Amino acid sequence: PKEERRDFMNIEVISGSTAYSLTDGTLTYLLGFTGCGMAPQHTINERGPMQHGASYVSYRLDPRLVNLALELPATSLATLETAKNVLMGIFVPDASLQLRWTQDNGNVRQLDCVFAGDMDMPSSDKRGYHQNVGVSLLAADPTWYDPIQTLVSFQLSGGGTPWAIPWVIPWTIGASTLSASITINNPGTFRAYPKFRITGPITNCIITNVATSEVLNFTGTTIAAAAYYDIDCRYGYKTVIDNAAANKIATLTAASDLASFHLAAHPEAPNGNNSFTVTGTSVTAATAIYMTFNARYVGI
């Protein structure tokens, strides 16, 4: 019966490039869910030989399991069979899926996951031509994220002799020297791992997150005009690739923090404000540095 269904915000599953609503009744209604709140975690402790209890060291987030209770509405056995086939074509083992939740306040949160089983569709869960079905999704990375990336541009303008930058940012720029400071806000509740593109010409480029004391240091390296380096700080990537697809990770100095470089969330960075400095020499009006990141959240 319609009165037994519960109303939720718009929840979709994205398979390939197609988004399927799980809440509007076109394919399914959402009856309930679990596993969408705070990400599961475990603490890391250490204990000395004479110590009672333990000393807290840190924590790690664990993979997240999301369980969805769905109802397939149908008007006949034929339309029910069609709906079942569509649903099983979406939740395919090994297929990359995104669970997208559009909240009433306008926030959009997305979770990367894979089908983790269930979908038995027993006859005991069938009511008339409507079939109730459970779906389990596994998110190896349990953090939700805003699918709209934040773009920060450090692009310059002018060249030759010292010039003024019409931005409300404390720049100090000489004829060919860049020294910039900017505060970048991470609105999420978890750290974000950014990507950078450094477009030349620039020599000895150094990017520092003052809030975390982490640095990407290219001292001794010149990126030529029209060439660029792409730096990916995301876990599982950690790469430095140039415009010719060559591996340039060796151009980072030993003092660099590619393995851990991130935008901190509150309280590591108070109110999520990360102060960045960028320096380099031999720059021109064509020099540009871009950073992109997705704000991430420990739960919704």
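Residues numbered from 1 in each chain as written. Predicted model: local features only at pLDDT ≥ 70, side-chain atom pairs only at ≥ 80, totals over all residues. Heavy atoms only, no water.

### Thoughts on the overall build of the protein
Helix and strand content of the protein: one helix and 23 strands. The globule rule puts the C-alpha radius of gyration for 300 residues at 19 Å, and the 25 Å found for the protein is more than 25% above it. By its C-alpha atoms, the protein is 80 × 60 × 35 Å across when sized along the principal axes. Taken over 300 residues, the protein has a buried fraction of 42%. Of the contacts made within the protein by residues no fewer than 6 positions apart, 67% connect residues no fewer than 24 positions apart. Carbon and sulfur atoms provide 54% of the accessible area of the protein, an area that totals close to 15,100 Å². Here the protein carries 18 positive and 23 negative side-chain charges, and the mean point of each set is 2 Å from the other. (Helix = DSSP H or I, 4+ residues; strand = E, 2+ residues; numbered from the N terminus. Rg over C-alpha atoms; globule rule 2.2 N^0.38 Å. Buried < 20%, exposed > 50% of the residue type's maximum accessible area, 1.4 Å probe, protein only. Contact = heavy atoms within 4.5 Å. Areas by Shrake-Rupley, 256 points an atom, 1.4 Å probe, with all protein chains shown as cover. Lys, Arg positive; Asp, Glu negative; His and termini not counted. Charge placed at Lys NZ, Arg CZ, Asp CG, Glu CD.)

### Quick notes on unusual backbone geometry
With an omega of 10°, the peptide bond running from Gly-200 to Pro-201 counts as cis. Mapping Pro-201 onto the fold places it in the loop between β15 (195–199) and β16 (202–209). Of note, the amide linkage connecting His-266 to Pro-267 takes the cis form, showing an omega dihedral of 10°. Its place among the elements puts Pro-267 in the loop between β20 (239–242) and β21 (273–281). Its identity as a non-glycine residue notwithstanding, Asn-204 has a phi of 60°, on the positive side. Along the chain, the position of Asn-204 falls in strand β16.

### Overview of the packing of aromatic side chains
Any two aromatic rings considered together are summarised by their centre-to-centre distance and by the angle between their planes. All chains considered together, the criterion is met by six aromatic pairs. Between Phe-91 and Phe-115, the ring centres sit 6.1 Å apart and the planes meet at 45°, which makes this aromatic pair tilted. On the criterion of sequence distance, the pair formed by Phe-91 in the loop between α1 (77–90) and β7 (97–102) and Phe-115 in strand β8 (residues 108–118) is long-range, its members being 24 residues apart. Note on accessibility: Phe-91 and Phe-115 belong to one class, buried. Judged by centre distance (5.8 Å) and plane angle (65°), the rings of Phe-218 and Tyr-229 are edge-to-face. One end of the pair, Phe-218, is in the loop between β17 (214–217) and β18 (222–223); the other, Tyr-229, is in strand β19 (residues 228–232), and eleven residues separate them in sequence. (Phe/Tyr/Trp six-rings, centres within 6.5 Å; stacked < 30°, edge-to-face > 60°.)

### A few points about the layout of surface pockets
Think of a ball as big as a water molecule: rolled over the atoms, this probe shows where empty space is left. Taken as a whole, the largest pocket spans an internal volume of roughly 1,300 Å³. For the largest pocket, the lining is made up of 42 residues, of which Asp-141, Thr-143, Phe-190, Tyr-193 and Arg-296 are closest to its centre. Mapped onto the lining of the largest pocket, the elements with two or more residues apiece are β5 (55–61), β7, β8, β10 (130–139) and β22 (288–293). Take the lining of the largest pocket: its biggest share by element is four residues, from β5. Counted by class, the lining of the largest pocket contains 22 nonpolar, eleven polar and nine charged residues. (1 Å grid on protein atoms, 1.4 Å probe; cavity = no way out; pocket = protein on both sides within 12 Å on 5 of 7 lines; lining within 4 Å. Points joined across faces, edges and corners; volume = space filled by probe spheres on them. Nonpolar A, V, L, I, M, F, W, Y, C, P; charged D, E, K, R; others polar.)

### Section: the pattern of salt bridges
Counted according to the given criterion, the structure contains four salt bridges. Between Glu-71 and Arg-127 there is a salt bridge, with its nearest N and O atoms 3.4 Å apart. Here Arg-127 lies in strand β9 (residues 126–127) and Glu-71 lies in strand β6 (residues 64–72), a separation of 56 residues in the sequence. The partner of Arg-197 in a salt bridge is Asp-230, and the shortest N-O contact between them spans 2.7 Å. Of this pair, Arg-197 sits in strand β15 while Asp-230 sits in strand β19; the two residues are 33 residues apart in sequence, bridging distant segments of the chain. (Salt bridge = Lys/Arg side-chain N within 4 Å of Asp/Glu carboxyl O.)

### Description of the confidence of the model for the protein
On average, residues of the protein score 89 in pLDDT, and 90% of them are at 70 or above. Overall, residues 1–5 carries pLDDT values under 50, and its contacts beyond four positions in sequence, including any with other chains, amount to seven contacts. Confidence drops under pLDDT 50 across residues 157–174; counting only partners more than four residues distant or on other chains, this segment forms 37 contacts. (pLDDT = per-residue confidence, 0-100.)

### Here's the deal with α1
In a regular helix each residue adds 1.5 Å, so 14 residues correspond to 20 Å; α1 covers 20 Å between its end C-alpha atoms and thus fits that length. Within α1, burial applies to Leu-80, Ala-83, Leu-87 and Ile-90. An end-on view of α1 places all buried positions within 85° of arc, on one side of the element. Counted as exposed and oriented over 90 degrees from the buried face of α1: Glu-81 and Asn-85. (Expected span 1.5 Å × (residues − 1). Arc of directions from axis to C-beta.)

### Examining the environment of Pro-73
Among the structural elements, Pro-73 can be located in the loop between β6 and α1. Distance in space between the C-alpha atoms of Pro-73 and Leu-27 is 7.2 Å, their sequence separation being 46 residues. Setting aside anything within four residues of it in sequence, one finds Pro-73 in contact with Gly-25, Leu-27, Thr-28, Tyr-29 and His-130.

### Some remarks on the sheet that holds β19
A sheet is described by the order of its strands in space; here five strands give the open sequence β12-β22-β15-β19-β20, paired in antiparallel fashion. Because the sheet does not close on itself, it has two edges, and the strands there are β12 (150–153) and β20. Strand-to-strand, the axes of this sheet are offset by a mean angle of 15°, without reference to chain direction. (Pairing = 2+ DSSP bridges. Axes fitted to C-alpha atoms, helices over the stretch in contact; angles between N-to-C directions.)

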